[in-house]
Amino acid sequence: MRFAMGSSIDQRATYLQLQKAANQKLQDLYAKDLHFELDKINEPILWVKNMPNLFAVICYLQTDEIFKINYLSDLTAYDNIDHIDGDKRFVLVYQLLSLETKVSVRLKLLIDDSEDAKTISHIFPAANWLEREVFDMYGIVFRGHPDLRRIMMDERFIGHPQRKEYDIKQRMPFADNMKTNLDRNPVP
Amino acid sequence: MKKTIKETIKETIKESKNSVDYKNITDFYNPNILINIGPSHPATHGTLRLMCQLNGEVIEDTKFEIGYLHRGKEKLGEVKTYHQWFVYTDRLNYCSALINNIAYAMTVENLLEISITARCMWIRMICMELSRIIDHIICVAINALDMGALTIFWHLYRWREEAYTMIEGMCGMRLTTTYARIGGMFYDVPEDLHDNLKKFCERFPKALDEMETLLTTNRIWIDRTKGVGRLSKEDAIKYSTSGPVLRASGVDFDLRRDRPYYAYADIDFDVVVANNGDVYDRYLVRTEEMRQSIRILKQCSKHLQSANGPLWVDDRRVFIPDKIDVYTKMEVMIHHFKIFMEGIDVPPGENYTAVEGPNGEVGFYIVSRGGPKAWRLRIKAPSFLHFQMMENTIKGVKIPDAISILGSLNIIAGELDR
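Residues numbered from 1 in each chain as written. Chains lettered and ligands numbered in written order. Predicted model: local features only at pLDDT ≥ 70, side-chain atom pairs only at ≥ 80, totals over all residues. Heavy atoms only, no water.

### Details of the overall build of chain B
Just so we agree on the cut-off: Helix and strand assignments come from DSSP, with helices taken as H or I runs of at least 4 residues and strands as E runs of at least 2, each series counted from the N terminus. The criterion used for residue contact is that any of the two residues' heavy atoms lie within 4.5 Å. The protein chains shown are the only cover counted for residues, whose accessible areas, like all others here, come from Shrake-Rupley with a 1.4 Å probe. Here the positive residues are Lys and Arg and the negative ones are Asp and Glu; neither His nor the chain ends is included. Every charge is mapped to an atom, namely NZ of Lys, CZ of Arg, CG of Asp or CD of Glu.
Scanning chain B from terminus to terminus reveals 18 helices and eight strands. For chain B, contacts bridging at least 24 residues in sequence account for 69% of all contacts bridging at least 6. As displayed, chain B offers around 17100 Å² of accessible surface, 55% of which is attributable to carbon and sulfur atoms. Across chain B, the mean location of the 54 positive side-chain charges is 5 Å away from that of the 55 negative side-chain charges.

### Let's talk about the pattern of salt bridges
Residue and element names in this part refer to chain A. Basically, it comes down to this: For this document, the term salt bridge refers to a Lys or Arg side-chain nitrogen within 4 Å of an Asp or Glu carboxyl oxygen. The cut-offs for exposure are 20% and 50% of the maximum accessible area for each residue type, with area from a 1.4 Å probe on protein chains only; residues under the lower value are buried, those over the upper are exposed, and the others partly exposed.
Overall, the coordinates contain 51 salt bridges over all chains when judged by the stated rule. Arg 106 is the salt-bridge partner of Asp 39, the closest N and O atoms lying 3.0 Å from each other. Taken as a pair, Asp 39 in the loop between β1 (35-38) and β2 (44-48) and Arg 106 in strand β5 (residues 104-111) lie far apart in primary sequence, 67 residues in all. Residue Asp 39 is classed as buried on the basis of its relative accessible area, which comes to 8%.

### Quick word on the packing of helix α1 (residues 15-30) of chain A against helix α2 (residues 51-63) of chain A
Residues and elements named next belong to chain A. Put simply, the rule is: To define axes, lines are fitted to C-alpha atoms, for helices over the stretch in contact only, and angles between the resulting N-to-C directions are given on a 0 to 180 degree scale. For classification, angles of less than 35 degrees are called roughly parallel, those exceeding 145 degrees roughly antiparallel, those between 65 and 115 degrees roughly perpendicular, and all remaining angles oblique. Each crossing gets its hand from how the near helix is turned against the far one by less than a right angle, where anticlockwise is left-handed and clockwise is right-handed. In this count, Pro and Cys sit with the nonpolar residues alongside Ala, Val, Leu, Ile, Met, Phe, Trp and Tyr, while Asp, Glu, Lys and Arg are called charged and the others, Gly among them, polar.
Two numbers describe how α1 lies on α2: the axes approach to 13 Å, and their chain directions differ by 140°. Put simply, α1 runs oblique to α2. Handedness of the α1/α2 crossing: right-handed. Contacts from Lys 25, Leu 26, Leu 29 and Tyr 30 of α1 reach α2 at Val 57, Tyr 60 and Leu 61. Counted by class, the contact of α1 with α2 contains six nonpolar, no polar and one charged residues.

### Comments concerning the interface of chain B and chain A
Convention followed: When two components associate, each loses some accessible surface as probed by a 1.4 Å sphere; the sum of these losses over both components is called the buried area. A 3.5 Å cut-off defines polar contacts: any pair of N or O atoms within that distance qualifies, except that in protein one atom must be a possible hydrogen donor and the other a possible acceptor, and neighbouring residues in sequence count only when both atoms are side-chain atoms.
Contacts between chain B and chain A engage 61 residues on the former and 65 residues on the latter. Carbon and sulfur atoms make up 54% of the area that chain B and chain A hide from each other, which totals about 5300 Å². Taken together, the links from chain B to chain A amount to 11 salt bridges. For Lys 108 of chain A, the salt bridge goes to Glu 350 of chain B, with nearest N and O atoms at 2.4 Å. Our enumeration of links across chain B and chain A arrives at 29 residue pairs in polar contact (both at pLDDT 80 or more). For the side of chain B that touches chain A, the class distribution of residues is 30 nonpolar, 11 polar and 20 charged.

### Notes on unusual backbone geometry
Residue and element names in this part refer to chain B. You will see that Thr 178, though not glycine, has its phi angle at about 50°, which is positive. Inspection of the secondary structure puts Thr 178 in the loop between α7 (150-171) and β4 (180-181). By relative accessible area, Thr 178 is classed as buried at 16%. A positive phi angle, near 50°, is found at Tyr 262, a position not held by glycine. Assignment of secondary structure puts Tyr 262 in the loop between α12 (255-258) and α13 (279-306).

So this is what it looks like as structure tokens:
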């Protein structure tokens, strides 16, 4: 019954053949040292080890014939406080896509509270605001980022609301006479 | 030595004359005039703030500020059950709430590995194309309205009302629909939908033709839009724009055709691509996409009439029973209670599902660790990336052009700030 008529993925689609070849290639190349898995709709997830490793993988995916990755769909993170996905606190998620071959790859990276991530905004300029959002919501610092400020929350806000320990009802009213640091970079 | 009050005032004036502010205000050729558009401004259509540094009328530098409509939807997604969160999808891009409903339902169905029934699928496709038309009407009409062409606004909003009336007939709401459910739709379509759709598909293209006679060859419209906000193909890819903005820049990419979901592969429609990436081309792409949506609607309506199967998927985990059964049968009542009080138990796993929304790629990324609530619910909103692109490419244009670029991108604050 799985993936019949009303499936959210058309099984006759031409890109699926390429996606399968891409999954196989990723597995052949990286499955020895890196953890490789498929998600619920058979898209590849590759767990990279560290930041230099991430850059190497992205560089490879950009140049390879099958992948030709040239588009950053999404960049986000999630909290790994229960350590199901690994020992470290957060998981960074890079959702990559190729506009030419229509193949998508998800790269994941475990990162700790005390560690700094590195920006990829020089490879994909779209990552600029996305990284700012991750910094705002999780407090992950991206080294080399051109303008790392809060984006959604007020700059006087203390804490990072998407962390699991931040209570949903924990509100933060600001007094009228509290100073704002608008447009001051870096924020003091 | 003690200064008199007079001396102090004199000194203060002398100091302030040397200050940067004084120079900026009085020096005619000083390029450092700062101007704030928004957060609450009739031309922004939402709470956005554009801080511009002007030289004469030309914008030299900009910083945008967002977050005025931040409601913490992603955090709420980790606190509410999957069913409860449906109402929040309506308030993302409130001009095309149905697409957000359906995209979210698709993501959760992928986690549960459910395929919906054929009838449900055709209803969803009709809903998606209807709301695409509505969203494009808003974008084109408001864009023209910002530049002073009020007639287009009145002319097209009548058709938006017609479309909303059809949606109201389907789910009882106009703007915040909450129509989709996991594994089905909350109501079946009314009997008069096909007649209304037929009328709409016949008459709306005529209204579009009339609109085009008013705009497409209009000298003023061409002068105001052609070559304004030009975005190159490379920049469009670099800044991850999607949807009509990407296609107007010459990138031939549409998720409906290139990564097809549901039955878009069986439907005849063309992907609209333009070359220049300016406001005029975005307007042309959106106008033509409305015509293509009408084509899709006609075919979907035919398919829906022949698909007489069940609306709901035959899966006890997600099936919401009829109200009449809930009130009369004990087991059904328990089932209903379980679904709404405890929620659906979604197995661990994750996926990222994206659909072609009217503004671009609308995606949901859900990480489930089991249980009725998501561990992480990420919304990928196209407006967010479009607004970032605008911040980086707006330098060198004039203020009125900036307003027309902003209108052509169709930035929706609900989606931008989430």
